[in-house]
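Residue-level listing of the chains:
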Amino acid sequence: MKMANVSECAVSECAYNTGKSCHAIAITIGDGAHPMCDTFFKSSAHGGIKSQTAGVGACKVASCRHNNDFECSSESIKVGICEDHGDCMTFSMR
Ligand code: SF4
Ligand code: SF4
């Protein structure tokens, strides 16, 4: 199984975001119910690996049709802004 790529993230204030891309090695989506980005944290410093874009290492949202055994089977996902955090916009209810 290939890791889903994070093709875009709109949460510019997140520490891993530079140029609308996520530069963590991998992120975790979900708190068990809501498809939020669980790796998000707000910082004025921006880190990660700038030459790489993130994959989805784990997803806890079993209600999504792309979720297989708590992993994301989509080729890629997009993360957008929801209130004060990021949400997986590729989420789709089973
Ligand atoms: S909110 Fe999540 S997907 Fe977006 S840059 Fe931060 S860690 Fe990456
Ligand atoms: S598309 Fe679905 S399974 Fe994949 S990360 Fe988003 S919520 Fe999780």
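Chemist: Residue-level account of the site of ligand 2, with values.
Modeler: Taken together, Ile29, Cys59, Cys64, His66, Asn67, Cys72, Ile77, Cys88, Thr90 and Phe91 form the complete shell of residues around ligand 2. For the shell around ligand 2, the per-class residue count stands at 7 nonpolar, 3 polar and no charged.

Chemist: Explain unusual backbone geometry to me, using residue names and the numbers behind them.
Modeler: For Phe70, which is not glycine, the phi torsion reads 70° and is therefore positive. Note that Phe70 resides in the loop between β6 (67–68) and β7 (71–72). With a phi angle near 50°, Glu83 is a residue other than glycine that sits in the positive phi range. Position of Glu83 among the secondary structure elements: in the loop between β8 (76–82) and β9 (85–88).

Chemist: Which residues make up the site of ligand 1, and what values do they have?
Modeler: Inspection of the region around ligand 1 gives Cys9, Val11, Cys14, Tyr16, Asn17, Cys22, Ile27, Cys37, Thr39, Phe40 and Val79 as its neighbouring residues. Residue classes in the shell around ligand 1 are distributed as 9 nonpolar, 2 polar and no charged.

Chemist: How would you explain the pattern of salt bridges if you had to name every residue and give the values?
Modeler: One pass over the full model with this rule turns up 2 salt bridges. A salt bridge links Glu8 to Lys78, with the shortest nitrogen-to-oxygen separation between them at 4.0 Å. On the criterion of sequence distance, the pair formed by Glu8 in strand β1 (residues 5–9) and Lys78 in strand β8 is long-range, its members being 70 residues apart. A relative accessible area of 42% places Lys78 in the partly exposed class. Between Asp38 and Lys60 there is a salt bridge, with the nearest N and O atoms lying 2.9 Å from each other. Residue Asp38 is found in the loop between β4 (26–29) and β5 (55–59), and its partner Lys60 is found in the loop between β5 and β6; the two are separated by 22 residues along the sequence. Classification of Asp38 by relative accessible area gives partly exposed; the value is 40%.

Chemist: Break down the packing of aromatic side chains for me, with residues and values.
Modeler: Per the counting criterion, the structure on display carries 1 aromatic pair. Taking the centre distance of 6.1 Å and the plane angle of 75° together, the rings of Tyr16 and Phe41 count as edge-to-face. On the criterion of sequence distance, the pair formed by Tyr16 in the loop between β1 and β2 (17–18) and Phe41 in the loop between β4 and β5 is long-range, its members being 25 residues apart. Judged by relative accessible area, Tyr16 falls into the partly exposed class, the value being 24%.

Analysis parameters
Residues numbered from 1 in each chain as written. Chains lettered and ligands numbered in written order. Predicted model: local features only at pLDDT ≥ 70, side-chain atom pairs only at ≥ 80, totals over all residues. Heavy atoms only, no water. Near = heavy atom within 4 Å. Nonpolar A, V, L, I, M, F, W, Y, C, P; charged D, E, K, R; others polar. Helix = DSSP H or I, 4+ residues; strand = E, 2+ residues; numbered from the N terminus. Salt bridge = Lys/Arg side-chain N within 4 Å of Asp/Glu carboxyl O. Buried < 20%, exposed > 50% of the residue type's maximum accessible area, 1.4 Å probe, protein only. Phe/Tyr/Trp six-rings, centres within 6.5 Å; stacked < 30°, edge-to-face > 60°.

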